[in-house]
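# A look at the structure
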Amino acid sequence: MLAILPLLNKDLKLTMATLEEATTIILDRIGTTGCERVPLLDALGRTLAEDLAAPYDLPGCDTSAMDGFAVRSAEASPGVRLAVRAFIPAGTTAPAPLEPNSAARIMTGAPIPPGADTVVPFEEVREEADTVILPSPVTGESHIRLRGAEIASGATILRRGTEIGVHQVSLLASCSHAVVPVYRRPRVAILCTGDELVELGTAPGAGQVVNSNAFALAAAVKEAGALPEILDIARDSREKHLALLAQGLKADVLITSAGVCGGDRDLVRGALSELGVEPLFWKVAIRPGGPSACGVKGNTPVFSLPGTPSATLIGFELLVRPVLLKMLGRQTFFRRRIAATLEVPLRNRPGALGVVAVQARFSAGKLIIEKARSRSGRNEPFTPNALALLPKERSDFAPGDQVEALLLAPSLAMEE
Ligand SMILES: Nc1nc2c(c(=O)[nH]1)N[C@H]1C(S)=C(S)[C@@H](COP(=O)(O)OP(=O)(O)OC[C@H]3O[C@@H](n4cnc5c(N)ncnc54)[C@H](O)[C@@H]3O)O[C@H]1N2
Ligand code: MOO
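Residues numbered from 1 in each chain as written. Chains lettered and ligands numbered in written order. Predicted model: local features only at pLDDT ≥ 70, side-chain atom pairs only at ≥ 80, totals over all residues. Heavy atoms only, no water.

With that settled, consider the site of ligand 1. Glu196, Asn211, Val260, Cys261 and Gly307 are the nearest of the 19 residues found near ligand 1. Between ligand 1 and the protein, one listed contact pairs a nitrogen atom with a backbone N or O atom of Asn213 at 3.2 Å. Taking Gly259, its main chain carries an N or O atom lying 3.2 Å from an oxygen atom of ligand 1. Against a free-state accessible area of 870 Å², the protein chains account for coverage of 61% of ligand 1. (Near = heavy atom within 4 Å. Polar contact = N/O pair within 3.5 Å; in protein donor to acceptor, adjacent residues only side chain to side chain. Areas by Shrake-Rupley, 256 points an atom, 1.4 Å probe, with all protein chains shown as cover.)

Once that is clear, we can look at the packing of helix H2 (residues 19-29) against helix H7 (residues 309-327). Running from amino to carboxyl end, H2 crosses H7 at an angle of 30°, the nearest separation of the two axes being 10 Å. Compared by their axis directions, H2 and H7 come out roughly parallel. The chirality of how H2 crosses H7 is right-handed. Contacts from Leu19, Ala22, Thr23, Ile26 and Leu27 of H2 reach H7 at Leu318, Leu319, Pro322, Val323 and Lys326. Residues of the contact of H2 with H7, tallied by class, amount to eight nonpolar, one polar and one charged. (Axes fitted to C-alpha atoms, helices over the stretch in contact; angles between N-to-C directions. Helix = DSSP H or I, 4+ residues; strand = E, 2+ residues; numbered from the N terminus. Parallel < 35°, antiparallel > 145°, perpendicular 65-115°, else oblique. Left-handed = near helix turned anticlockwise from the far one by under 90°. Contact = heavy atoms within 4.5 Å. Nonpolar A, V, L, I, M, F, W, Y, C, P; charged D, E, K, R; others polar.)

Our focus in this paragraph is the sheet that holds strand E18 (residues 253-257). Taken in spatial order, the six strands line up as E17-E14-E18-E23-E22-E19 in an open sheet, and their pairing is mixed. In this open sheet, the two strands that pair with only one neighbour each are strand E17 (227-230) and strand E19 (278-281). Neighbour-to-neighbour, the strand axes of the sheet open up by a mean angle of 25°, direction not taken into account. Note: E19 against strand E22 (residues 293-297), three bridges, orientation antiparallel. Each residue of the ladder has a partner; that of Glu278, found in E22, is Val296. Sitting on the sheet, H2 is in contact with E19, E22 and strand E23 (300-305), with an inclination near 140° to E19. The strands that H7 touches are strand E14 (187-192), E18, E19 and E23; relative to E23, the one it contacts most, it runs at about 170°. (Pairing = 2+ DSSP bridges.)

Looking now at the side chain of Asn211. Checked against the element boundaries, Asn211 lands in the loop between strand E16 (209-210) and helix H4 (212-224). Here Ala214 takes part through its backbone nitrogen, which lies 3.3 Å from a polar atom of the side chain of Asn211. Those residues in contact with Asn211 that lie beyond four places of it in its chain are Cys192, Leu197, Val198 and Ile233.

So this is what it looks like as structure tokens:
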């Protein structure tokens, strides 16, 4: 009995995984990339790799929040007239103490002089020659931003795992973090295989196709925040496959396209096995994209995606992208999924999760699927902004039915 267990375990790796099993298996094996320090602006869109603290108080001293007059509130009896004895513009570093029974003209952001405890804004006073007449009575706010009120020295300003956007850059700049620790972008080698492929910029002859997957995958890798590296096309020979796959395995991630369906020339799996890549899963119960496989060599995940362009991108979206986001230190690896109502009928072949590229829009706060890419027949060209996910148990979906949709575009067209 004991001897059978490893065999069962090995066989399990070669059976079909559900999408959830496949993503769990690979996400459990792969961690974040290391940390690198980059200039602040280059950190935009990256993920913070360490907690960061404020090196000083903000503001660094008590400062005026208004253009006006700094006074002692105890001297500001109703209607009092004070001599204006000082001018304190922003940029003053050490203002002289406020003289008794006087006011100091002060600008927003300038340090409050010792002795003053209130700023009376210009619009609340009357100025006459070198004096100022205060309102009666001086009430309400002091209009002073206290030292450290915004951020206290030593306080954590951003935590590891935070995605750096415009507001984070503003905060980091205020704290003078000129160089920021972020997770390194993984280098992703892209290897397309097949004798029928011709290079981009060439017109394909009969039986040939342009190597569009290389660019589709490179764009998807780049959009996810990683660094694509397109390798030479692997022509249909074992030696070419071995040499180029070995080159690809030097990257942080290797993605191959085509050659996985067990056709006479489908060489990818054999070559990966020869190179010592440990298989993790062999097929995934999704359609298209079913013939997707994944393995690891050391810390390098290897994804073998089917060559059919729509299947390649769906395999990337559902299997590869979450792993890249994990490597990049993101806290969320999956896109948002929400319920959507169909305006068009959809079909699925039961047995696998159907994944359909669709065009969707928001109408009265609800997501509506208005166009879908058909797997057979002619398609009007359209750009999908979501993927409809059709449960594996059901085949027919009619207009008005609800399905789950995964949002690809950050913002979808809104309609009242
Ligand atoms: N007997 C079976 N045949 C097939 C099965 C199956 O289960 N049994 N599955 C089908 C499915 S599903 C898919 S998807 C494809 C996947 O095949 P491969 O990954 O081995 O890829 P190829 O056969 O080489 O190519 C498929 C298709 O994609 C085009 N292609 C390939 N590479 C590129 C590229 N870099 N850029 C653009 N287009 C590319 C290629 O010309 C073919 O048209 O297998 C089915 N067959
Ligand atoms: O992965 Mo394939 O035909 O299901 O596109």
